[in-house]
Amino acid sequence: MNVGLSKMYMDDQIQKVVFNVLNSGRYINGQNLKSFEEAFADLCSTKYAVGVSSGTSAILLSLMALGIGEGDEVIVPSHTFIATASPARFLGATLVYADIDPETYTIAPAEVQRKITPRTKAIIPVHLYGHPCDMDPINELARAHKVYVIEDACQAHGATYKGKKTGSLSDIACFSFFPSKNMTVLGDGGMITTDDEKIAQKVGMLRNHGRTQKYVHDLLGLNCRLSEVHAAIGREQLKHLTEWNERRRAIAAQYDVLLRDSGVIIPVEREWAKHVYHMYVIRVKQRDNLASYLKETGIETGIHYPVPVHRQPCLMSDVHLPVTEKYVDEVLSLPMHPQLSDERVDYVASEVRNFMEDIGCRE
Ligand SMILES: Cc1ncc(COP(=O)(O)O)c(C=O)c1O
């Protein structure tokens with residue numbers, strides 16, 4: 001049996017809306033973008049949502065809108081995709097890496113506290129794998145030190161923290177619609193959410209060459225627009241998000257039961273969190289051998305992430321982050337997507353158990 005790590009969704013309705021855009025003659029800044037932004041703001045319970053070209057540009061434009069640049073420090077986790085951190089560096093800011101909570105894999109508030117200095121201008125917590133960060137202590141620290149919080153919600157569409165949606169938990173939040181995400185635009189796309197009218201206006205201008213009217217540019221901006229085709233697809237995908245997230249949660253619950261006493265460490269969901277399982281990530285010391293074994297049995301796995309950001313050649317730092325550095329050798333993402341059948345989940349779990357039994361390993 002072959003089991004893929006993730007799978008994109010496509011149907012006749014999506015094809016229909018794409019054709020409608022193609023026939024409309026309007027390809028940017030049209031009604032599809034407006035409608036997708038309104039629906040996404042609704043999902044996050046925020047006043048504003050601004051569509052952009054990717055999750056990376058969402059983070060870049062958010063930092064630009066907050067005036068972050070040279071001389072500023074930005075606190076980020078290192079156990080994340082590089083795009084959480086690279087935009088700040090791109091703007092000339094200094095990255096300050098914080099270690100993660102050993103159970104949720106998200107940035108540890110105590111670490112943030114330890115790393116704040118008078119030069120800190122922003123914190124970027126990442127709701128990694130779909131599990132929200134512990135935002136209350138992070139927001140408290142931010143208020144006390146007058147620094148901004150930018151949620152990296154690129155992996156957590158529809159997750160909640162203490163009943164509140166990701167995207168609404170800080171000054172500004174960033175989402176990605178990259179093809180493997182919980183919802184996608186079947187290409188590149190992103191969204192910025194905020195309750196702050198000035199920030200929303202500013203990012204809205206920055207994504208479109210900083211312009212106020214045709215050929216008048218008040219701000220130094222970029223072209224980071226979301227096309228009408230992608231917005232139309234995003235609008236359709238969003239209609240399924242809640243149902244898809246529930247299916248991901250059901251799959252996670254099935255894995256939890258089947259793997260609980262297998263010897264691998266399964267993910268946690270804090271009592272204040274609603275996890276949306278963008279990834280189902282286990283930990284095991286024999287990670288590479290398990291991945292090879294699963295590959296032989298037709299099961300695709302992933303490693304998110306094998307090299308932490310602070311060890312990337314372009315962002316190298318000599319900081320020591322013990323939890324992050326240990327976990328990069330142990331994390332393994334199992335197949336997870338809403339179209340995965342119960343039968344396949346059973347198969348994956350039974351092969352993980354077979355491997356663990358074969359090596360006689362119960363941690
Ligand atoms: C945590 C995180 N941050 C940022 C990004 C960047 O998003 P994109 O690939 O849409 O630029 C991604 C997705 O790839 C991500 O997973």
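That block above? That's the structure.
Nothing here was measured: the structure is a model prediction, and the numbers come from that model.

**Observations concerning the packing of aromatic side chains**
Then comes step 1: Per the stated rule, a full pass over the model turns up 12 aromatic pairs.
Then comes step 2: Consider the rings of Y105 and Y129, whose centres lie 5.7 Å apart with planes at 80°: the pair is edge-to-face. With Y105 in the loop between β3 (94-98) and α5 (109-115) and Y129 in the loop between β4 (120-123) and α6 (135-145), the pair connects residues that are 24 residues apart, well separated along the chain. The residues Y105 and Y129 share a single accessibility class, namely buried.
Then comes step 3: Ring centres of Y293 and F355 lie 5.7 Å apart, and the angle between their planes is 45°; this geometry places the pair in the tilted category. Taken as a pair, Y293 in helix α10 (residues 287-296) and F355 in helix α12 (residues 342-358) lie far apart in primary sequence, 62 residues in all.
Then comes step 4: Counting every residue linked through ring pairs, the aromatic cluster contains F36, F40, F175 and F177.
Then comes step 5: Across from the ring centre of Y327, 3.8 Å away, lies the NZ or CZ of R283, which sits over that ring.

**Some points on empty space enclosed by the protein**
Then comes step 1: Counting across every chain of the model gives two cavities of 30 Å³ or more.
Then comes step 2: The calculated volume of the largest cavity comes to roughly 100 Å³.
Then comes step 3: Lining of the largest cavity is provided by 17 residues; of these, K7, M8, Y9, K181 and N182 occupy positions nearest its centre.
Then comes step 4: Every residue lining the second largest cavity is listed: E103, T104, Y105, Y129, H131, P267, V268, H275, M279 and V281.

**Examining the sheet that holds strand β12 (residues 273-274)**
What holds strands together in a sheet is hydrogen bonding between their backbones, with the strands either parallel or antiparallel.
Then comes step 1: Spatially, three strands are ordered β7-β6-β12 in an open sheet, and the strand pairing comes out antiparallel. On the outer flanks of this sheet lie β7 (164-165) and β12, each paired with one strand and no other.
Then comes step 2: Note that strand β6 (residues 160-161) and β7 share two bridges and pair antiparallel. Bridging across to β7, T160 finds its partner in K165.

**Observations concerning the site of the ligand**
Then comes step 1: Taken together, 15 residues form the shell around the ligand, and within it G55, T56, D152, Q155 and S176 come nearest.
Then comes step 2: The separation between a nitrogen atom of the ligand and a polar side-chain atom of D152 is 2.7 Å.
Then comes step 3: Relative to its unbound accessible surface of 380 Å², the ligand loses 93% to contact with the protein.
Then comes step 4: In this structure, the ligand is accommodated by the largest pocket.
Then comes step 5: Taken together, the residues that form the shell around the ligand break down as six nonpolar, seven polar and two charged.

**Looking at a nonpolar patch on the surface**
Then comes step 1: On the surface, F19, L22, Y27 and I28 cluster together into a nonpolar patch covering about 390 Å² of accessible area.
Then comes step 2: Among the structural elements, L22 can be located in helix α1 (residues 12-24).

**Observations regarding the pairing of β4**
Then comes step 1: Relative to β4, strand β2 (residues 73-77) runs parallel, the two being bridged by three bridges. The residue of β4 that forms the bridge with V74 is A122.
Then comes step 2: Bridging between β4 and strand β5 (residues 148-152) involves two bridges; their strand directions are parallel. Each residue of the ladder has a partner; that of A122, found in β5, is Y148.
Then comes step 3: Read as a crossover between parallel neighbours, the route from β4 over α6 to β5 is right-handed.

Thresholds applied
Residues numbered from 1 in each chain as written. Predicted model: local features only at pLDDT ≥ 70, side-chain atom pairs only at ≥ 80, totals over all residues. Heavy atoms only, no water. Phe/Tyr/Trp six-rings, centres within 6.5 Å; stacked < 30°, edge-to-face > 60°. Helix = DSSP H or I, 4+ residues; strand = E, 2+ residues; numbered from the N terminus. Buried < 20%, exposed > 50% of the residue type's maximum accessible area, 1.4 Å probe, protein only. Lys NZ or Arg CZ within 6 Å of the ring centre and 35° of its normal. 1 Å grid on protein atoms, 1.4 Å probe; cavity = no way out; pocket = protein on both sides within 12 Å on 5 of 7 lines; lining within 4 Å. Points joined across faces, edges and corners; volume = space filled by probe spheres on them. Pairing = 2+ DSSP bridges. Near = heavy atom within 4 Å. Polar contact = N/O pair within 3.5 Å; in protein donor to acceptor, adjacent residues only side chain to side chain. Areas by Shrake-Rupley, 256 points an atom, 1.4 Å probe, with all protein chains shown as cover. Sits in = over half its atoms within 2 Å of the grid points. Nonpolar A, V, L, I, M, F, W, Y, C, P; charged D, E, K, R; others polar. Patch = residues over 30% accessible without salt bridge, like charges linked within 9 Å, V, L, I, M, F, W, Y side chains within 5 Å. Salt bridge = Lys/Arg side-chain N within 4 Å of Asp/Glu carboxyl O. Right-handed = clockwise from strand over helix to strand, strands pointing away.

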